Amino acid sequence: MKVGVPKEIKAHEYRVGLTPGAAREYVAAGHGVMIETNAGAGIGATDEDYRAVGATILTSAAEVFASSEMIVMVKEPQPTEWSQLRENQILFTYLHLAPDADQATGLLESGCTAIAYETVTDVHGGLPLLAPMSEVAGRLAIEAAGSALKRSAGGRGLLIGGVPGVQPARIVVIGGGVVGTHAARMAVGLGAEVTIIDRSILRLRELDELFEGRVRTRFSTIDSLEEEVFAADVVIGAVLVPGASAPKLVRRSMLSSMRKRAVLVDVAIDQGGCFETSHPTTHADPTYEVDGVIHYCVANMPGAVPLTSSQALNNATLPFGLALANKGFSAVLENPHLRAGLNVHRGRLTYKAVAESLGLPFSPIEQAAA
């Protein structure tokens, strides 16, 4: 199969769909790999690095899209990209379609087969292609919060870990999944006072054992959420409903009761955000203020550390990408975990949660593939 990797064009996105090492695996498996020139520049990979492993360098994204049977990317395609997709072409990347009707329409009209990293599953019921970026984003969330808390950035002027004799920051993590766990780990390591809120008693027990009492755990109710958010210096939104829009757990009416210049970090912004006042921001202009509360809502947080992120992502996506390259759409039909990743096929939405979020018709895979 001819596998193409265009250069990412989303603002301040420096990751790459295939690292040279991953490209080498595709070439070794007998596939042609076409890389847009300078696609790997953000991770320090040159065109010559790709040529050395057998890839072909093309001068434009248009050439990559036109000559490839499968497109491998990192972030969701932008309008100039989805307009170049075509029927029977596979797109393998993060999509986050639930809050993005324009992208969904573009993919449906293209007729392509779009497989979303974030909904591919594994034998344990996990999301193996979402997990590595969730790990990165969770850890970065605390770094982002630390920067936003500085008075020069408009924050409270608070050091996350405090110093002897001075209280540390109170950090509340909403959601005890991968993002929340890694955010809590970083916050605890810096000496913060950390509370994790979740709706699963089983997960709260696991977190209590994992952190050996170094974090507080609370079952999520309206009362507990308000109590913790109102007393927090930092709130990390780490809620995930696979494929669907994130629930709005912190309403605008709550902001007036929060500490002035407290910080909200919405890691769920790719799925629409879990704070009512969230809207996507960029690394160039990451924060804004609403009712005296600082919001950090960068939609591609792992893009700030592209070398780490690209390596981690390629480690996870490689087996699935090779399966698609080896068998084409048959791999989706044969592999239940890739089937779970199928969001769009030949003009139909094939992921129920996405269809429900967008208010569009849902087509089971069997119907869409007929």
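What counts, and at which threshold
- In this convention, every chain numbers its residues from 1, walking through the sequence in written order.
- pLDDT decides what is reported in this predicted model: residues at 70 or higher carry local features, side-chain atom pairs at 80 or more are listed and counted, and totals for whole chains, interfaces and linings draw on all residues regardless.
- Calculation of side-chain values draws on the structure's entire complement of heavy atoms; hydrogens and water are dropped beforehand.
- UniProt positions are given in the numbering used here, feature names are shortened, and annotations may be inferred rather than shown by experiment.
- Throughout, the edges of the domains are those of an automatic or database domain assignment.
- Contact between two residues is taken to exist if any of their heavy atoms lie within 4.5 Å; hydrogens are not considered.
- As used here, buried area is the combined drop in accessible area, with a 1.4 Å probe, of two parts when they are placed together.
- Salt bridge criterion: a side-chain nitrogen from Lys or Arg within 4 Å of a carboxyl oxygen from Asp or Glu.
- Any pair of nitrogen or oxygen atoms within 3.5 Å is treated as a polar contact; in protein, a donor-acceptor pairing is required on top of that, and neighbouring residues in sequence qualify only through side-chain atoms on both sides.
- The secondary structure listing takes helices from DSSP runs of H or I that are at least 4 residues long and strands from runs of E that are at least 2 residues long, numbered from the N terminus.
- In this scheme, a helix's expected span is set at 1.5 Å multiplied by one less than its residue total.
- Relative accessible area decides the class of each residue, using a 1.4 Å probe on protein chains only: under 20% of the type maximum gives buried, over 50% gives exposed, and in between gives partly exposed.
- To form a nonpolar core, buried Ala, Val, Leu, Ile, Met, Phe, Trp, Tyr and Cys residues must be joined to one another through side-chain atoms within 4.5 Å.
- The pairing criterion for strands is at least two bridges between them, as found by DSSP.
- Note on method: axes are straight lines fitted to C-alpha atoms, helices fitted across the in-contact stretch only, with angles between N-to-C directions ranging 0 to 180 degrees.
- Working definition: a ring pair exists when centres of Phe, Tyr or Trp rings (six-membered ring for Trp) sit within 6.5 Å. Plane angles under 30 degrees give stacked, over 60 give edge-to-face, the rest tilted.

- The name an unreviewed UniProt entry gives the protein chain is Alanine dehydrogenase, with Bradyrhizobium sacchari as the organism.
- As recorded by UniProt, the Sequence similarities (unreviewed entry) comment attached to the protein chain reads in full: "Belongs to the AlaDH/PNT family."

### Points about the domain arrangement of the protein chain
Part 1: One can read the domain layout of the protein chain as domain 1 (2-111 + 306-369) and domain 2 (130-304).
Part 2: Taken together, the contact between domain 1 and domain 2 spans 20 residues of the former and 19 residues of the latter.
Part 3: Buried surface at the junction of domain 1 and domain 2, summed over both partners, amounts to about 1600 Å²; 57% is from carbon and sulfur atoms.
Part 4: On the domain 1 side of the contact with domain 2, H12, Y94 and H96 bury the most area, a combined 29% of that side's loss.
Part 5: Along the contact surface separating domain 1 from domain 2 lie one salt bridge.
Part 6: Here K75 makes a salt bridge to D270, at a shortest N to O gap of 3.3 Å.
Part 7: Counting every contact that joins domain 1 to domain 2 gives seven residue pairs in polar contact (both at pLDDT 80 or more).
Part 8: Elements represented by at least two residues in the side of domain 1 that touches domain 2 include exactly α11 (306-327) and α14 (352-358).

### Comments concerning helix α7 (residues 178-189)
Side chains that are three or four residues apart share a direction in an α-helix, a result of its 3.6 residues per turn.
Part 1: With 12 residues, α7 extends 17 Å from end C-alpha to end C-alpha; this agrees with the ideal 16 Å at 1.5 Å per step.
Part 2: Among all positions in α7, only V179, G180, T181, H182, A183, A184, A187 and V188 are buried.
Part 3: Buried-residue contacts for α7 involve α6 (131-149), β7 (170-174), β8 (193-198), α8 (201-211) and β10 (234-237).
Part 4: Note on α7: the residue one or two positions beyond its end, G191, has a positive phi of about 95°.

### Describing the nonpolar core
Here is a general trend for soluble globular proteins: nonpolar side chains tend to be buried in one another's company.
Part 1: One finds Y26, I115, I171, V194 and I236 to be the most contacted residues of the largest nonpolar core, which totals 75 residues.
Part 2: Looking at which element gives the most residues to this core, the answer is α6, with 10 residues.
Part 3: Among the domains, domain 1 (2-111 + 306-369) and domain 2 (130-304) are the pair contributing at least three residues each to this core.
Part 4: The contacts of I115, once residues within four sequence positions are left out, are I90, L91, F92, T93, L95, V120, L324, V332, L338, G341 and L342.
Part 5: Counting 25 residues, the second largest nonpolar core, distinct from the first, contains L58, M73, L85 and A355.

### Here we look at the sheet that holds strand β14 (residues 342-345)
Part 1: Ordered by their spatial adjacency, eight strands build an open sheet running β3-β2-β1-β4-β5-β6-β14-β15, and the pairing between neighbours is mixed. Because the sheet does not close on itself, it has two edges, and the strands there are β3 (56-58) and β15 (348-349).
Part 2: In the sheet, strand β5 (residues 90-93) pairs with strand β6 (residues 113-116) via four bridges, with the strands oriented parallel. Looking at the pairing, L91 lines up with A114 of β6.
Part 3: Its contacts with the sheet put α11 on β1 (2-5), β4 (70-72), β5 and β6, and the angle it makes with β5 is roughly 175°.

### Some thoughts on the packing of aromatic side chains
Part 1: A complete count under the given rule lists two aromatic pairs for this structure.
Part 2: For the pair F92 and Y117, a centre-to-centre distance of 4.7 Å together with 90° between the ring planes defines the contact as edge-to-face. With F92 in strand β5 and Y117 in the loop between β6 and α6, this residue pair connects regions lying 25 residues apart in the sequence.
Part 3: On the basis of relative accessibility, which here comes to 1%, the residue F92 falls in the buried class.
Part 4: Residue class for Y117 comes out buried when judged on its relative accessible area of 0%.
Part 5: Ring-pair connections join several aromatic residues into one group, and the members of that group are F92, Y94 and Y117.

### Thoughts on helix α5 (residues 101-110)
Part 1: Of the residues making up α5, those classed as buried are Q103, A104, G106, L107, L108 and S110.
Part 2: Packed against the buried residues of α5 are α4 (79-82), β5, β6, β14, β15 and α14.
Part 3: Among the residues trailing α5, G111 stands out with phi positive, at a value near 80°.

### Brief notes about the pairing of β8
Part 1: Judged by how many residues are buried, β8 sits mostly within the fold: five of six residues are covered.
Part 2: Across five bridges, the pairing between β7 and β8 is parallel. Residue pairing for β8: V172 is matched across the bridge by T195.
Part 3: Bridge count for β8 against strand β9 (residues 216-219) is four bridges, and the pairing is parallel. Each bridged residue has a counterpart across the sheet, and for I197 the counterpart in β9 is R218.

### Quick word on the UniProt feature "active site" (unreviewed entry) in the protein chain
Part 1: Residues given the UniProt feature "active site" (unreviewed entry) here are H96 and D270. Sequence-wise these annotated residues cover 175 residues; spatially they are packed, their C-alpha atoms never more than 6.2 Å apart.
Part 2: Tracing the chain through its elements places H96 in the loop between β5 and α5.
Part 3: Beyond its immediate sequence surroundings of up to four residues, D270 is in contact with K75, H96, P99 and A299.
Part 4: A polar atom in the side chain of D270 sits 3.3 Å from the side chain of K75.

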